[in-house]
Amino acid sequence: EQMETVGKEFVRDELVYVPSRLFVRKHYAEVVKCPACGEDESQDANYADVPAPVFRKAAIPAPMIPHSFCSPELLAHILYEKYVMAVPLERQAKDFKAMGMRLSTATLSNWVIHAAENFMKLIYERMKAELLNCSVIHADETVVQVLNEPNKKARTDSRMWVYCAGKYEGHSNILFEYSPTRNGDSARKFLGDYSGYLVCDGYDGYNKLTGATRCGCWARQNQRQERLKPILDDLFAWLNDLPVSGGTKLSKAVQYCLNEKPYLYRCLENGNIPVDNNRAENAIRPFVVGRKNWL
């Protein structure tokens, strides 16, 4: 006989991926006409008392980027792919081509620049003002190669700097800034007269800061004084008595540590100073991953 359904048994779940798609959003401006004006348009020019036709066109929002068909959704996707997922614009252009839309890398680049200058810069400046109010700031830098830079050959001595709010601040705040050199003037220019604690690595360029108190990369203050200070004292006493000389790697390592002594002791002054610079190093790691993609 014909079988009848008497129930069902759950078997499994499947996670389904629906590929993204591109479509065109058309904008129309409605045009309206007053029905009481210019009833006989053929006679309007002959009689001054006959009102002329009156037309009005609805106001429409201006394009986000002048003379461009880029939508807010599309631009957000491009920025997310480039700066969060580290997908270069050239690879994005290939993806768009596979979806049926030809977009050159020059077009994508112009859109990114427009977004940076007209939208993101305002947010960046506000974030920077908030960052400079923090009592502790982390800083780090990494190499980056820039092609076709005016008055400069493509080299790897350019730097991308990162500045982060301290781990005990009420909010996360991470800002990047490019500089064609590693000169400490870049950090001094960015931080200005910042007078809080700056946690950074052993690069002496940070000494060009006039107001900040530099801290080394090494839990609160009382515990540090009680447990950490004796260890630091023993460490540097041992380093001072260590018989090393010449240009060996060991002697360089010892001298590097001795040079960092005042900054490595700084965390004993205030319990809010982190004992390491992992905050900045973790923040700059995604950029390093992206750099491998770009190059």
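Computed from a predicted structure; not experimentally measured. (Residues numbered from 1 in each chain as written. Predicted model: local features only at pLDDT ≥ 70, side-chain atom pairs only at ≥ 80, totals over all residues. Heavy atoms only, no water.)

Caption draft 1: Representation of the overall build of the protein chain. Each helix and strand in the protein chain was counted, giving eight helices and seven strands. Referenced to the eigenvectors of the C-alpha coordinate spread, the extents of the protein chain come out at roughly 110 × 85 × 45 Å. Split into buried and exposed, the 295 residues of the protein chain put 32% on the buried side. Each charge sign in the protein chain was given a centre, from 38 positive and 36 negative side chains, and these centres are 8 Å apart. (Helix = DSSP H or I, 4+ residues; strand = E, 2+ residues; numbered from the N terminus. Buried < 20%, exposed > 50% of the residue type's maximum accessible area, 1.4 Å probe, protein only. Lys, Arg positive; Asp, Glu negative; His and termini not counted. Charge placed at Lys NZ, Arg CZ, Asp CG, Glu CD.)

Caption draft 2: A look at the nonpolar core. Core analysis: the largest hydrophobic core is formed by 18 residues, its most contacted members being Leu-131, Ile-137, Tyr-163, Leu-191, Leu-198 and Tyr-206. Residue assignment for this core shows that the elements contributing at least two residues are strand E3 (136-144), strand E4 (158-165) and helix H4 (185-191). If you look at the next biggest cluster of nonpolar residues, it comprises 14 residues, including Ile-65, Cys-70, Leu-79 and Leu-108. (Core = buried A, V, L, I, M, F, W, Y, C linked by side-chain atoms within 4.5 Å.)

Caption draft 3: Region of interest: the environment of Pro-180. By the element assignment, Pro-180 lies in the loop between strand E5 (174-179) and H4. For Pro-180, a relative accessible area of 36% translates into the label partly exposed. For Pro-180 and Val-144, which are 36 residues apart along the polypeptide, the C-alpha to C-alpha distance reads 9.0 Å. Filtering out sequence-adjacent residues up to four positions away, Pro-180 remains in contact with Glu-149, Lys-152, Asp-157 and Ser-158. (Contact = heavy atoms within 4.5 Å.)

Caption draft 4: How the structure looks around the packing of helix H2 (residues 89-98) against helix H3 (residues 105-131). Two elements in contact, H2 and H3, have axes separated by 9 Å at closest approach and are oriented at 115°. Between H2 and H3 lies a crossing whose hand is right-handed. Where H2 abuts H3, its residues Leu-89, Glu-90, Gln-92, Ala-93 and Phe-96 lie against Thr-105, Leu-108, Ser-109 and Val-112. A breakdown of the residues in the contact of H2 with H3 according to their chemical character gives five nonpolar, three polar and one charged. (Axes fitted to C-alpha atoms, helices over the stretch in contact; angles between N-to-C directions. Left-handed = near helix turned anticlockwise from the far one by under 90°. Nonpolar A, V, L, I, M, F, W, Y, C, P; charged D, E, K, R; others polar.)

Caption draft 5: Region of interest: the packing of aromatic side chains. For the structure shown, the criterion picks out six aromatic pairs. Ring centres of Phe-236 and Tyr-265 lie 5.7 Å apart, and the angle between their planes is 45°; this geometry places the pair in the tilted category. Of the two residues, Phe-236 sits in helix H5 (residues 221-241) while Tyr-265 sits in the loop between helix H7 (261-264) and helix H8 (278-294), which places them 29 residues apart along the sequence. Tyr-265 gets classed as buried once you look at its relative accessible area, which sits at 18%. Clustering of aromatic rings is evident, with ring pairs tying together Trp-161, Tyr-203 and Tyr-206. The residue whose ring lies beneath Arg-182 is Tyr-203, and the NZ or CZ to ring-centre distance is 3.8 Å. Sitting above the plane of the Tyr-263 ring, Arg-214 keeps its charged end 3.9 Å from the centroid. (Phe/Tyr/Trp six-rings, centres within 6.5 Å; stacked < 30°, edge-to-face > 60°. Lys NZ or Arg CZ within 6 Å of the ring centre and 35° of its normal.)

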